[in-house]
Amino acid sequence: MKLFLTSVAANVLEKLVPLLPKSPKELSVLFVPTAADPYENREWMEDDRNKLLELGFNVFDFDLKDKSEGEVKKALSKTDIVFVAGGNTFYLLEKVKLSGFDNAIKDSSNQRQIYIGSSAGSVILGPNIEPMKYLDDSTKALSLSDYSGLNLIDYIVLPHFDNKKYKEAYEKLTREYRNIYKLKPLNDDQFIAIEA
């Protein structure tokens, strides 16, 4: 599985296009907006979605909320790219686990797929999301007791690392977790490409 980890996908999607196996108009994108559900203003998620459309991708929305693992597997089987948008990391991971998305994405039949994460969508791929308590409200996911991520990468992505708004939060996070997890800062104009 090819992984593209971004902080703000809309800022870097044009750079990803040459790394894809086909042109955008030949690729379908399953767009998962779930992490933005707890917010009234979802501008960042809309920006990512609009950028995909602008580049010519065939975009289909798929919110994980109230979905079964069967529904998730069926949706994944019909798409080339899974795009998981940003928002609240705890809420996203809760819905990822409740819907069986975590199992479905690791299923061998989905290994040909491309995964693009934006912000929270990148963070959940790591070993644990607990450090995000400094940036996101964990009370948005009351049934989430296990903060283990999908473990598709061995580090925790720290999105928006260059955003001054998060400077103090990241100082605290880094002090507490730098000796526990590998941390990978990611600025808003950067991405990481991986063959997992």
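In this report, the structure presented in the accompanying data block is examined. (Residues numbered from 1 in each chain as written. Predicted model: local features only at pLDDT ≥ 70, side-chain atom pairs only at ≥ 80, totals over all residues. Heavy atoms only, no water.)

Membership of the largest hydrophobic core comes to 43 residues, with the highest contact counts inside it found for Phe101 and Tyr115. Apart from the residues lying within four places of it in its own chain, the contact partners of Tyr115 are Met1, Lys2, Leu3, Phe4, Val82, Val84, Phe101, Ile105, Gly121, Ile124 and Leu125. Within the second largest apolar cluster, 18 residues are counted, among which are Leu27, Ala36, Met45 and Phe57. (Core = buried A, V, L, I, M, F, W, Y, C linked by side-chain atoms within 4.5 Å. Buried < 20%, exposed > 50% of the residue type's maximum accessible area, 1.4 Å probe, protein only. Contact = heavy atoms within 4.5 Å.)

In this section: the sheet that holds strand E4 (residues 81–84). Read across the open sheet, the six strands follow the order E3-E2-E4-E5-E1-E8; overall the sheet is mixed. Two strands bound the open sheet, and with one partner strand each, they are strand E3 (58–61) and strand E8 (191–195). Neighbour-to-neighbour, the strand axes of this sheet turn through a mean angle of 20°, independent of strand direction. Sheet topology places strand E1 (residues 2–6) next to E8; five bridges connect them, and they run antiparallel. Opposite Lys2, over in E8, you have Glu195 as the bridge partner. (Pairing = 2+ DSSP bridges. Helix = DSSP H or I, 4+ residues; strand = E, 2+ residues; numbered from the N terminus. Axes fitted to C-alpha atoms, helices over the stretch in contact; angles between N-to-C directions.)

Moving on, we come to the packing of aromatic side chains. Here the structure, examined in full by the defined rule, presents six aromatic pairs. Measuring from ring centre to ring centre gives 5.1 Å for Phe31 and Phe83, while their planes differ by 20°; the resulting arrangement is stacked. Here Phe83 lies in strand E4 and Phe31 lies in strand E2 (residues 28–32), a separation of 52 residues in the sequence. Exposure remark for Phe31: the relative accessible area of 0% places this residue in the buried category. Overall, the relative accessible area of 0% leaves Phe83 in the buried class. (Phe/Tyr/Trp six-rings, centres within 6.5 Å; stacked < 30°, edge-to-face > 60°.)

Our next topic: the packing of helix H1 (residues 9–16) against helix H2 (residues 43–54). Direction vectors running N to C along H1 and H2 enclose 25°, while the axes themselves pass 8 Å from each other. Relative to H2, H1 is oriented roughly parallel. You can see that H1 and H2 cross each other, and the crossing is right-handed. Of H2, the residues touching H1 (which contributes Ala9, Ala10, Leu13 and Glu14) are Asp47, Asp48, Lys51 and Leu52. In terms of residue class, the contact of H1 with H2 is made up of four nonpolar, no polar and four charged. (Parallel < 35°, antiparallel > 145°, perpendicular 65-115°, else oblique. Left-handed = near helix turned anticlockwise from the far one by under 90°. Nonpolar A, V, L, I, M, F, W, Y, C, P; charged D, E, K, R; others polar.)

Limitation: the analysis is restricted to geometry and does not speak to function.
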